[in-house]
Structures are given as C-alpha cells and as structure tokens.
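Summary of structural features
Listed here are the chains, written in short residue letters.
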Amino acid sequence: MSICELTAHALHEKLKAREITAQELTEAVYERIAEVEPDVKGYLTLTKDSALEQACRADTGFQNGEEMPPLAGIPIAIKDVICTRGVRTTCGSKILENFVPPYDATVMTKLHKQGVVMIGKTNMDEFAMGSSTENSAYQITHNPWNLDTIPGGSSGGSAAVVSADTAICSLGSDTGGSIRQPAALCGVVGMKPTYGRVSRYGLVAFASSLDQIGPFTKDITDCALVLNAICGSDALDATSVDVPVPDFTQSLINDVKGLKIGVPKEYFTPALDPEIADSVSAAIAVLEGLGATVEEVSLPHTEYAIATYYIIAPAEASANLARYDGVRYGYRNANPGDLISMYKKTRSEGFGEEVKRRIMLGTFALSAGYQDAYYKKAQKVRTLIKSDFDAAFEKVDVIATPTSPTPAFKIGERTADPLQMYLSDVMTTPASHAGLPGISVPCGLVKSGLPVGLQLLGAPFAEENVLRVAYTFEQNTEHHRQKPHIQTNGVG
Ligand code: GLN
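To keep things clear, this report deals only with the structure shown in the data block. All figures in this text were calculated on a predicted structure; none of them were measured in a lab.

**Some points on the overall build of the chain**
Of regular secondary structure, the chain possesses 15 helices and 11 strands. Computed over its C-alpha atoms, the radius of gyration of the chain comes to 21 Å, within 12% of the 23 Å expected for a compact globule of 492 residues. For the chain, the spread of C-alpha atoms along the three principal axes comes to 65 × 55 × 45 Å. Excluding contacts between residues fewer than 6 apart, the proportion of contacts in the chain whose partners are at least 24 apart in sequence is 76%. Carbon and sulfur atoms form 52% of the exposed surface of the chain, whose accessible area is close to 18200 Å².

Structure below.
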C-alpha cells in the first residue's frame, strides 16, 4: 500500500515514530500526482517548492522530539476559492487568472500554525457555481472512479485529489452542497460545519449567508482533526460565531445507542436513483442494528429548497461579484475605451456563462418591483425550511438522507440543461438554508462501481452528534476502505 493512501492520523504516528519523514511523504504525493494527475486534473496550481520547505520545517520539529500538532507534515490541498498568500487564487475564473492574494485566509493561517504541507490549489466551478466542476474556466476534473464521469462540484478538485490519493486531505467550500455532493460522488468524507463555525475571512464570497469552509478526508477521524484545526470565531469575520469549540476527536465514539436518527420521508422520492435509495436505507439499517432509534420525520418544505436557493444565492452573488470590475485587480480588457465600456468588456470576457447567468438571475430577483415577489418571498420560505428542521431536531439527534439523488453522471450530460444541473443539489440545499452541519460518508457502490454517500445532518453547532454517528457507521462497515482503480492513459 502506498503511503499516499494512508490517513492523516496514521501518517502522524509514522512521522512521530520517525518511520517516514514529511519530505519523503511530500515527494511520494508528487510522484502520485505525476502518475494520475494527467488523467484526473484535480489541481490548478502545484506548490512543490514551498511544500518541500514546509515539510522540511515539520521534519525539524519531529527530529527535535517536539510535541507536533496532528496535522504537522500532512500534505493538504486547498480549493482555489481560499486565499493563499503569494499563491495564485483563481476561483476557477479567468477574471482572477493572475490574482495573487497578499494575505492568507484565516483557515490557512490556522493550518500553517499546525505545520501542514500545502500541495497545491484545486480545480472548481467558477466562483463555486456548479455541481460538476465543468464550469471551471481552466479544465475539467475527472472522477477517479470513472474518468468519463464528473467528480461533483463545485469543490470537485478537492474531492477528486483525496479520492485519487494525490492529497491526504483537502479543504473545500459549501454554499448549497459543494463539499457534501462531490464527497459523495468521489467516495470520500466531506463535511460542511455549521454556518459561523469556521471563519470565512479570505474565502472568496459567493453567497455570504450560506458559504462555509470544510474538510474532505479519507475517514472520520481525519475529519475531526481538520475541524479541530480550522474551527473557531474570528475577529476578521463578523459572521463567525463565538461559541466554544469542542475537541472533535472526543466525538469519535463507536456507539450510537440512545441516539435518535430521523429519516425525512420527503427525501425518498421517485426522483431518487433506486440503487442510492437501497444503499442509504441499508446504511440506516446498520445504524439501527447498532442500537440507534430510527424514526420517520417530516420536512414538509423540502421541495421548495432548490427554487429558494436559486433566488437567494444568485441575489447575494450578484452583489458580491460587483467588485470584479477591472479597476483594482483581476482581468481588464486591453482596449477599454470609456469607463462603462471597460466594465462591460471586462465582465463579458472575464466571467463564464454560468456566472453571468447567476448575476442576471440575482440582479433580476433584487430589482425594483420584483424584490418582494422573489427575494423577500424566498427569505420567508427559507425561514419555513429552517423551522421544519427545528421541529425535527426536537425529536431526533441526527437526520439521515442520501447526499445526492444520483451517482456521478457523465461529463457533458447536464451542461446543456442548467435546471437538471441545479437538481443535483436537491438533498443538500435544505440544510444550507438552515445553516446546519452536514457530512457525507461513503456508504457503498452502485452496480456500475460508482460511490454513494450517506448524508448526516445535525442541529446548529451539534457537529459532535453528526461525527459520532458517522464514526460508528464507519467503524462497523468497510465502505470507506474501497478505493478507485484509476485507468490512466499512461500519460503520467
Ligand atoms: N451546486 C450549487 C450551485 O451551483 C452549490 C454550489 C456550492 O455549494 N458552492 O450553486
């Protein structure tokens, strides 16, 4: 077994015992990248020189017998929506092609404090708008389980590199499902913490009332370790919430006795792929067999979540993306003419089709005469969706659903039909509206060999319940051990 397949916690033991060095580990990851990255295409930028320097620093600590943090020397990949000081951050967009942030996002400062090794920046849908990573202005990322299929999105690169063992773990962002859905489609663990749990300072804004940063990992223990590193309130982000951050490794309890799991009937519709329904139902039965109480719950406003999301998210995006005007940074048309034509040319050329569609949708939803009919109404429906969850969490500790209604689909299959693409998020957007923590855990494969994800949701700031159920499931099943066999073209 290659060391790239190991988890961060297993590697930490090896680093501590000095069985391997962080530099050897980093080199092994770049060798793996040379082998499979030409086919997977998960990275936009590789940062080998600084990675080796970071690894060398971690090695010095281990050699000196210092008490090293759990993520010291661990190779990690970062979605290209997170600002990294001195390292190009494109957000998957031509408009930020040459943007090199002069500062680190708070999550990066926290990870560097742990001594991580940043391998590179991962591909994504432009401005995190999409469910397949096909909206990247640069390249299409391929799902390691079947290179003809998409890895999910918008954090498709971050999911694919963990699945392909070209990183040990990674960070993504989730606005309407962009961590959970690609995690499900790539067969890895992906978690969106509660809105406000992780600082968004330095996360390029898409829809500010929904955006949240979270980890992709190979198992639940690693997920807890990354959460420990990145959570906490931050004076630089007014939406980060000042609540105590528990030690999430304390939630790694292999026992669900006494916990109540709710299964919302609205998620098991005819639109759900029957093989996914079977895998998820089997996973819920495993939890019941282990002593959890399982009961049906109702979340009656679920069917409005997508329509609501596609008003609120574009409305916020249209405001957030107003800053890309060619004046202060980013792309500017070479023959701008007067100011108005400079804005027009710059934004027409700099943004891709989906981003333009969202800006237009959002601007319309906020425009005079329509704001009440669309935006205000969507906000009211959002409250109803949140109230459904509040009522359900009076009765249960965790809610279990499928993460995605289908397994990974073929590249190109949904690009011509935006509505079809938007429906990929039908199971993840409700929890986004309510700001809830949610995880996707591998729970099996469909007959064609593609992974299925079980989504577990908790009440706000109840990540611990979610982790405990996820951990128990993992410890009593083998799904997380299944790996893709990447059919390389022999390019690498
Ligand atoms: N797929 C959804 C969208 O296109 C969610 C994206 C996300 O969570 N960033 O907006």
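**Some words on the site of the ligand**
Close contacts around the ligand come from 15 residues, with Thr175, Gly176, Ser178, Tyr309 and Asp425 the closest. Between the ligand and Tyr310 there is a distance of 3.3 Å, counted from an oxygen atom to a side-chain nitrogen or oxygen. Contact with the protein chains hides 100% of the accessible area of the ligand, taken as 300 Å² for the molecule alone. Judged by the proximity of its atoms to the pocket grid, the ligand belongs to the largest cavity. A per-class count over the shell around the ligand returns 5 nonpolar, 7 polar and 3 charged.

**Thoughts on the packing of aromatic side chains**
In this structure the tally under the stated criterion is 12 aromatic pairs. Ring centres 4.9 Å apart and planes at 50° place the aromatic pair Phe127 and Tyr324 in the tilted group. Taken together, the residues Phe127 in the loop between β3 (117-122) and α5 (156-163) and Tyr324 in the loop between α9 (305-320) and α10 (339-350) connect sequence positions 197 residues apart. Accessibility expressed as a relative area gives 1% for Phe127, which makes it buried. With a relative accessible area of 4%, Tyr324 lands in the buried category.

**Re the sheet that holds strand β4 (residues 169-174)**
Read from one edge to the other, the open sheet built from 11 strands follows the order β1-β3-β2-β4-β6-β5-β10-β11-β9-β7-β8, with strand pairing classed as mixed. Each edge of the sheet is formed by a strand with only one pairing partner; in this case those strands are β1 (43-46) and β8 (293-297). Adjacent strand axes in the sheet meet at a mean angle of 30°, parallel and antiparallel pairs treated alike. In this structure, β1 lies alongside β3, joined through 3 bridges in antiparallel fashion. Within β3, the position partnered with Thr45 by the bridge is Lys121. Sheet contacts for helix α3 (residues 48-63): β1 and β3; angle to β3, the most-contacted strand, approximately 155°. Strand contacts of α5: β1, β2 (75-79), β3, β4 and β6 (212-217), with the helix running at about 155° to β4, the strand carrying the most contacts.

**Observations concerning the environment of Gly369**
Mapped onto the secondary structure, Gly369 falls in the loop between α11 (353-365) and α12 (372-395). Separated by 49 residues in the primary sequence, Gly369 and Asn320 place their C-alpha atoms 21 Å from one another.

**Things to note about the layout of surface pockets**
By volume, the largest pocket is sized at about 380 Å³. As for the largest pocket, its lining consists of 22 residues, and the residues nearest its centre are Glu5, Thr7, Lys218, His480 and Arg481. When contributions to the lining of the largest pocket are tallied by element, the ones reaching two or more residues are α5 and α15 (463-475). The class makeup of the residues in the lining of the largest pocket is 9 nonpolar, 7 polar and 6 charged.

Reading guide: rules and limits
Residues numbered from 1 in each chain as written. Predicted model: local features only at pLDDT ≥ 70, side-chain atom pairs only at ≥ 80, totals over all residues. Heavy atoms only, no water. Helix = DSSP H or I, 4+ residues; strand = E, 2+ residues; numbered from the N terminus. Rg over C-alpha atoms; globule rule 2.2 N^0.38 Å. Contact = heavy atoms within 4.5 Å. Areas by Shrake-Rupley, 256 points an atom, 1.4 Å probe, with all protein chains shown as cover. Near = heavy atom within 4 Å. Polar contact = N/O pair within 3.5 Å; in protein donor to acceptor, adjacent residues only side chain to side chain. 1 Å grid on protein atoms, 1.4 Å probe; cavity = no way out; pocket = protein on both sides within 12 Å on 5 of 7 lines; lining within 4 Å. Sits in = over half its atoms within 2 Å of the grid points. Nonpolar A, V, L, I, M, F, W, Y, C, P; charged D, E, K, R; others polar. Phe/Tyr/Trp six-rings, centres within 6.5 Å; stacked < 30°, edge-to-face > 60°. Buried < 20%, exposed > 50% of the residue type's maximum accessible area, 1.4 Å probe, protein only. Pairing = 2+ DSSP bridges. Axes fitted to C-alpha atoms, helices over the stretch in contact; angles between N-to-C directions. Points joined across faces, edges and corners; volume = space filled by probe spheres on them.

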